[in-house]
Amino acid sequence: MNNAYVVLMVLAAFLAAVSQVLLKVSAGREHKGLLGEYLNGYVITGYGLLACSLLMNMWAYQGVEYRFGPVINAVSYVFVLILGRLFLKEKITARKLLGNVLIICGIVVYVMWS
């Protein structure tokens with residue numbers, strides 16, 4: 001497994017998390033009409049980043065074994081938790097923290113025993 005492709009896949013997971021945060025920011029704002037809900041900077045940028053993330057993932061699979069892909073992409077949940085706290089001022093509850101700790105433990109266990 002090539003480390004550069006792993007880094008690319010983690011970066012793609014980060015971009016997907018940024019995309020989700022941008023879409024949530026847009027959803028929380030008032031828009032002028034139905035068209036304004038879907039054709040604003042946050043939505044367009046969010047979907048553009050999501051498309052880049054998907055393309056990066058496809059490229060990364062050239063150097064990452066297929067069984068590791070979903071495990072590496074699971075780190076996006078951790079990114080969403082951190083970005084939500086930093087930019088959306090969301091509370092990190094005990095349930096969210098426990099869920100992310102379990103995700104990280106699952107990643108570690110999978111990588112160590114694979």
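Residues numbered from 1 in each chain as written. Predicted model: local features only at pLDDT ≥ 70, side-chain atom pairs only at ≥ 80, totals over all residues. Heavy atoms only, no water.

*Asks:* Which residues make up the overall build of the chain, and what values do they have?
*Replies:* Helix and strand counts for the chain stand at six helices and zero strands. Its helices and strands in sequence order give the chain the pattern α-α-α-α-α-α, from N to C terminus. If one aligns the C-alpha atoms of the chain with their principal axes, the spans along those axes are about 50 × 35 × 20 Å. Out of the 114 residues belonging to the chain, those deemed buried represent 29%. A sequence separation of at least 24 residues applies to 73% of the contacts in the chain between residues at least 6 apart. Put simply, the chain shows about 7,700 Å² of open surface, and 70% of that area lies on carbon and sulfur atoms. (Helix = DSSP H or I, 4+ residues; strand = E, 2+ residues; numbered from the N terminus. Buried < 20%, exposed > 50% of the residue type's maximum accessible area, 1.4 Å probe, protein only. Contact = heavy atoms within 4.5 Å. Areas by Shrake-Rupley, 256 points an atom, 1.4 Å probe, with all protein chains shown as cover.)

*Asks:* A description of the environment of Y38 should follow, citing residues and the corresponding values.
*Replies:* Following the sequence through the fold, Y38 ends up in helix α2 (residues 33-38). Classification of Y38 as exposed rests on a relative accessible area of 52%. Taking the C-alpha atoms as reference, Y38 lies 8.9 Å from S26; in sequence the two are twelve residues apart. Contact partners of Y38, with chain neighbours within four places excluded, come to V43 and I44.

*Asks:* Would you mind going over the packing of aromatic side chains in detail, with residue names and values included?
*Replies:* Within the structure shown, the criterion is met by three aromatic pairs. Taking the centre distance of 5.3 Å and the plane angle of 90° together, the rings of F14 and F79 count as edge-to-face. Taken together, the positions of F14 in helix α1 (residues 3-27) and F79 in helix α5 (residues 75-88) put the pair 65 residues apart, joining distant regions of the chain. Measuring from centroid to centroid gives 5.4 Å for Y61 and Y66, while their planes differ by 40°, and the two rings are tilted. (Phe/Tyr/Trp six-rings, centres within 6.5 Å; stacked < 30°, edge-to-face > 60°.)

*Asks:* Requested: an account of the pattern of salt bridges, with residues and values cited.
*Replies:* Oppositely charged side chains are able to pair whenever their charged atoms sit close together. Inspection of every chain in the model, using the stated rule, returns two salt bridges. Note that E65 is salt-bridged to R67, the shortest N-O span being 2.8 Å. Relative accessible area serves as the criterion here: at 36%, E65 is assigned to the partly exposed category. (Salt bridge = Lys/Arg side-chain N within 4 Å of Asp/Glu carboxyl O.)

*Asks:* So, the packing of α5 against helix α6 (residues 94-112): which residues are in play, and what are the values?
*Replies:* It is the contact of α5 with α6, at a shortest axis distance of 9 Å, that shows an interaxial angle of 150°. Classed by the angle they form, the pair α5 and α6 counts as roughly antiparallel. Where α5 crosses over α6, the handedness of that crossing is left-handed. In this structure, α5 uses V75, Y77, V78 and L81 to contact α6, whose residues at the interface are K96, N100, I103, I104 and I107. A class-by-class count of the residues in the contact of α5 with α6 yields seven nonpolar, one polar and one charged. (Axes fitted to C-alpha atoms, helices over the stretch in contact; angles between N-to-C directions. Parallel < 35°, antiparallel > 145°, perpendicular 65-115°, else oblique. Left-handed = near helix turned anticlockwise from the far one by under 90°. Nonpolar A, V, L, I, M, F, W, Y, C, P; charged D, E, K, R; others polar.)

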